[in-house]
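# Per-entry structural report
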Amino acid sequence: KKGLGGTMTMKRTALLLLTLCALLALVSCEQESEQPSGTLKATNDAVDFYFYYPDTWQVYLDTGMIAVKPTPASSGIVGTSISVSAFELDGEDANWGVNDYWDSYKGTLEKTFHDYELGVESELKLDGVPAVRKEYKGALTETTYRFAQVFCIRNGTIYQITFTANDADYDRYISALDTIVTNFHFK
């Protein structure tokens, strides 16, 4: 009987250790990334992503979209913003890559802005998923705006991060886009 009790204790201990390992694996899979210093977290229940943005900015939530803007200074409101949205591609578009989407989207930009001009284009990863970054400018009435957009397609959904600023504010605030892109995560 003594030998049998020892075997049962070993089995229980092994089962307990196996259960503990499974729980630790589950917890580590569900853990969010560590919040970088000087940032705040943006998410909502309607989207399958979250990101960290500079803590000197304000967040605006909407169904399917999150936008952030610099906190207004005493000098007034800044016309700079970053919006992050996601929507499903359907029909023939569901098989598109990011550059296919861009080619279609670019036509809208060319019709919307006079003096539209594409600038820097680059490839990157958004939480490990291939993405592209497109920088361009265009004028509406008398004001020229500069944009930097990051596009990513994951599981038939296009994720679009759009930085918008006028010429005077672009260089001052563009680093916030890099903060968001670097700290963007899928749930």
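For the structure, see preceding data.
Before going into details, it helps to say that this report is about the structure given with it. Keep in mind that what you see is a predicted model, and the values were worked out from it rather than measured.

Quick notes on the rules
Residues numbered from 1 in each chain as written. Predicted model: local features only at pLDDT ≥ 70, side-chain atom pairs only at ≥ 80, totals over all residues. Heavy atoms only, no water. Core = buried A, V, L, I, M, F, W, Y, C linked by side-chain atoms within 4.5 Å. Buried < 20%, exposed > 50% of the residue type's maximum accessible area, 1.4 Å probe, protein only. Helix = DSSP H or I, 4+ residues; strand = E, 2+ residues; numbered from the N terminus. Contact = heavy atoms within 4.5 Å. Pairing = 2+ DSSP bridges. Axes fitted to C-alpha atoms, helices over the stretch in contact; angles between N-to-C directions. Salt bridge = Lys/Arg side-chain N within 4 Å of Asp/Glu carboxyl O. Phe/Tyr/Trp six-rings, centres within 6.5 Å; stacked < 30°, edge-to-face > 60°.

### Considering the nonpolar core
Core analysis: the largest hydrophobic core is formed by 29 residues, its most contacted members being Phe49, Phe51, Ile82, Ile161, Phe163 and Phe184. Residue assignment for this core shows that the elements contributing at least two residues are strand S2 (49-54), strand S4 (65-70), strand S5 (81-88), strand S7 (129-140), strand S8 (143-154), strand S9 (157-166), helix H3 (167-182) and strand S10 (184-186). If near-sequence neighbours (up to four positions away) are discounted, Phe49 is found in contact with Thr43, Ile66, Val84, Ala86, Tyr159, Phe184, His185, Phe186 and Lys187. Membership of the second largest hydrophobic core comes to 14 residues, among which are Tyr101, Leu109, Phe147 and Phe151.

### Some remarks on the sheet that holds strand S6 (residues 114-126)
Here we have seven strands laid out as an open sheet, ordered S3-S4-S5-S9-S8-S7-S6, and antiparallel in their pairing. Unpaired on one side and paired on the other, strand S3 (57-62) and S6 mark the two borders of the sheet. Going from strand to strand, the sheet's axes swing by 15° on average, the running direction of each strand aside. Pairing analysis gives eight bridges linking S5 to S9, with the strands arranged antiparallel. Following the sheet pairing, Ser81 is matched in S9 by Thr164. Contacting S3, S4, S5, S6, S7, S8 and S9, H3 crosses the sheet at an angle of about 150° to S9.

### Notes on the pattern of salt bridges
Pairing of side chains with opposite charge becomes possible as their charged atoms draw close. Counted by the stated rule, this structure contains five salt bridges. Here Glu135 ties to Arg133 by a salt bridge, and the two come within 3.1 Å at their closest N and O atoms. Residue Arg133 is classed as buried on the basis of its relative accessible area, which comes to 13%. The closest approach of N and O atoms between Arg133 and Asp178, which form a salt bridge, is 2.8 Å. Of this pair, Arg133 sits in strand S7 while Asp178 sits in helix H3, and the two are 45 residues apart along the sequence. Here the salt bridges share partners, and the residues they tie into one network are Arg133, Glu135 and Asp178.

### Things to note about the environment of Leu126
Residue position: Leu126 is located in strand S6. By relative accessible area, Leu126 is classed as buried at 0%. The sequence separation of Leu126 and Val181 amounts to 55 residues, and the corresponding C-alpha distance is 6.5 Å. When near neighbours in sequence (up to four residues on either side) are disregarded, Leu126 contacts Ala131, Val150, Cys152, Ile161, Val181, Phe184 and Phe186.

### Examining the packing of aromatic side chains
The description of two aromatic rings rests on the distance between their centres and on the angle between their planes. In the structure shown here, the tally under the stated rule is 21 aromatic pairs. Ring centres of Phe49 and Tyr159 lie 6.1 Å apart, and the angle between their planes is 85°; this geometry places the pair in the edge-to-face category. Taken together, the residues span a long stretch of sequence, with Phe49 in strand S2 and Tyr159 in strand S9 at a distance of 110 residues. There is no split in this pair, since Phe49 and Tyr159 are both buried. With a centroid separation of 6.2 Å and 55° between ring planes, the pair formed by Phe87 and Tyr101 is classed as tilted. Of the two residues, Phe87 sits in strand S5 while Tyr101 sits in helix H2 (residues 98-112), which places them 14 residues apart along the sequence. According to the relative accessible area criterion, Tyr101 is buried, its value standing at 9%.

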